[in-house]
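Secondary and tertiary structure notes
The lines below spell out each chain.
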Amino acid sequence: MRVPGWSPAALLLAACLWRLPPGRGAAGTEEVIVGEAGKSVVLVCRNVSERADEVDWFHGDPGAVPPLFSSNATLPKDARLSLVDNSSLHISALRLQDGGNYTCKEVLNETVREHRVQLLVASGPSSVTVSISPAATLPNGTVYVDRRDAVMFSCASNSHPEPTMGWTFQPPSSAPETFTEVNGSSTVYTLQNLSLRFQGNYSCTARNPLSGRSQTSTKELLVYYPPPSVPRCWAQTAQVGLMLQLFCNWPGGYPHPVLQWTEEGRDLENSSWVVNATGTGDTHVETLSSSRLFHGKEFKCVGSHILKQERAELATCTVQIKAPSLATEPLKTCFVGGTVSLTCQVLESNPPARISWLRNVSQPEVEIQPGGRYLLTQEGSVSNLTIQNCSHDADEGYYVCKAENPVGLKEAYVSLTVKKPVNIVGVVGAVVILLLLGVLVISGIILYYNPLLCLKGSIFRNQDSNDVFVLVDSDGEEEEEEEREEEEATGNSNVHRVTALVNGNSAQAGYGYHFTESDSSELHSELSTEEVEREERPTTQRQILPFLAEMDGTVGGS
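Checking UniProt for the protein chain, the heading Subcellular location (unreviewed entry) contains the comment "Membrane".

**Quick word on the sheet that holds strand E9 (residues 136-137)**
The strand order E9-E10-E16-E15-E12-E13 describes an open sheet built from 6 strands, whose pairing is mixed. One side of each edge strand has no neighbouring strand; the edge strands of this open sheet are E9 and strand E13 (177-183). Where strand E12 (residues 164-170) and strand E15 (residues 200-207) come together, 7 bridges link them in antiparallel fashion. Bridge assignment links Thr168 to a residue of E15, and that residue is Ser203.

**Comments concerning the sheet that holds strand E21 (residues 274-280)**
The antiparallel open sheet is built from 4 strands, whose spatial order is E17-E18-E22-E21. Across the chains shown, the open sheet's two edge strands, defined by having one partner strand only, are strand E17 (232-237) and E21. Neighbour to neighbour, the strand axes of the sheet diverge by 15 degrees on average, direction disregarded. In this sheet, strand E18 (residues 244-249) lies alongside E17 in antiparallel orientation, the contact comprising 6 bridges. Pairing of Gln236 across the sheet is with Gln245, part of E18.

**Examining the environment of Phe69**
Considering the arrangement of structural elements, one finds Phe69 in strand E4 (residues 67-70). Taking the relative accessible area as the measure of exposure, Phe69 reaches 8% and is therefore buried. Placed 12 residues apart in sequence, Phe69 and Leu81 show a C-alpha to C-alpha distance of 7.7 Å. Residues within four places of Phe69 in sequence aside, it is in contact with Val55, Asp56, Trp57, Pro76, Leu81, Ser82, Leu83 and Leu89.

Cut-offs used in this document
Residue numbers restart at each chain and count upward from 1, following the sequence in its written direction. Whole-chain, interface and lining totals are the exception, using all residues; otherwise, since this is a predicted model, local features are given only for residues with pLDDT of at least 70 and side-chain atom pairs are given and counted only at 80 or more. To get the side-chain values, all heavy atoms of the structure are used, and hydrogens and water are removed first. UniProt positions are given in the numbering used here, feature names are shortened, and annotations may be inferred rather than shown by experiment. The pairing criterion for strands is at least two bridges between them, as found by DSSP. Under the DSSP-based scheme used, a helix requires at least four consecutive residues in state H or I and a strand at least two consecutive residues in state E, with every element numbered from the N terminus. Every axis corresponds to a line fitted to the C-alpha atoms, with the helix fit spanning only the stretch in contact, and the corresponding angles, defined between N-to-C directions, vary from 0 to 180 degrees. Type-normalised accessible area, obtained with a 1.4 Å probe on protein chains alone, sets the label of each residue: buried when under 20%, exposed when over 50%, and partly exposed for intermediate values. The contact criterion used throughout is that any non-hydrogen atoms of two residues lie within 4.5 Å.

Right, dumping it as structure tokens:
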């Protein structure tokens, strides 16, 4: 039989508490019934016979309190009380003060029977409140926190008696898990160093230990963090058409930031010269027509993140567009059959310019394509056009280096001259021969006009020598004596002697002298004395100096 106002949980608890042994409740208690505040409960008077003349209910012990309800009396003052089957007490709209010990007394032919029941009234849990701080709430009710903060979780509930409080965490696509449980009307714990793995549903459950009734409150938590740096901006040329693309990237945050391109404080996205605007994740791209672009124009990207918005923090980056400027070698030379490289460097350009090479501006502008004798390479902002096996008819002329971006166009000209190769060996040989001839001619002229220059130069080169050289025309003393005798006999012989002396700072050159017959005897005596001294002592400076002094005196006297 279903008892009105009883939940299945209450009935189960009442069955478990049925006929508790003495001492569990009040003295003589035979049964414990649990009811919930605001609900109804029936207290059964057991062991009552059908012939009972009167059944009385007391809220306490009989004799200590007046009857609460009697089958032979009029209706009780409390309308919430009534009898069921003329024996059981029905109480509706239970209150906490209805709890306590109840006694059922049966009167049958002067026989009295009593049955005691203990009523426990449970209330709640109700108003389970979950609080997460510091945190903010999205329009859909989801709570988000900054992972850099220490986050406090609290839960409270009203219940009688005090409930059991437990926390459960359920990550996305995972089973829930209980991580804390306490007895009390509130519970608090703190989490630090949060990460994305702490995102999910946090549930607080309050359970009444009497009624078994429970109530749960759940909050979905998201863990946010801002980008660690500032936005990065750059410009480039669209792959299709000569249009400008502005890129703004601000990675590293969750959720993705909001990025916006502006020009002089105005939003570009609603401008008429914006062809397309796309945003994916951490990057926002806007494509602009080149009709209103000019050198030096600036665009600004403004980035905002949901966490930085709360602190009124905005991050920006700026792009300044520039027309290209070039540097080249205007004159280049190549020998027939050789290889030459034409270099073109972009000094300034934003976005980066597209570099191409043209053969001649007088003809239709047809770009030089790599292949055959042409090799095109580009490293950064430097482009090289390499021409192999140069030909005078096919390759000589002007070449145009063309750099273009959505802001402007710049061209630079390079003149290539193709020459026939020169015989380097023949040229070098001719130069060497001419130099040798020049040296010989100059030497001949010098010797012709000043024949003694060589002799003087030889004397000067030997000024630092410690040796003494004496040059004579004889091979020995005997030949020299014979020549002297012949010269004395003839009387008109010429004596040629050359004497060179180099010793420190002294230098003397020998000259040719002509002697007469009157001087022959004097010369013979001097030479004889000189030969005797040569045999007696080594050849030194003292041996030559007297001879030179006498020779000078002889020349002076003549």
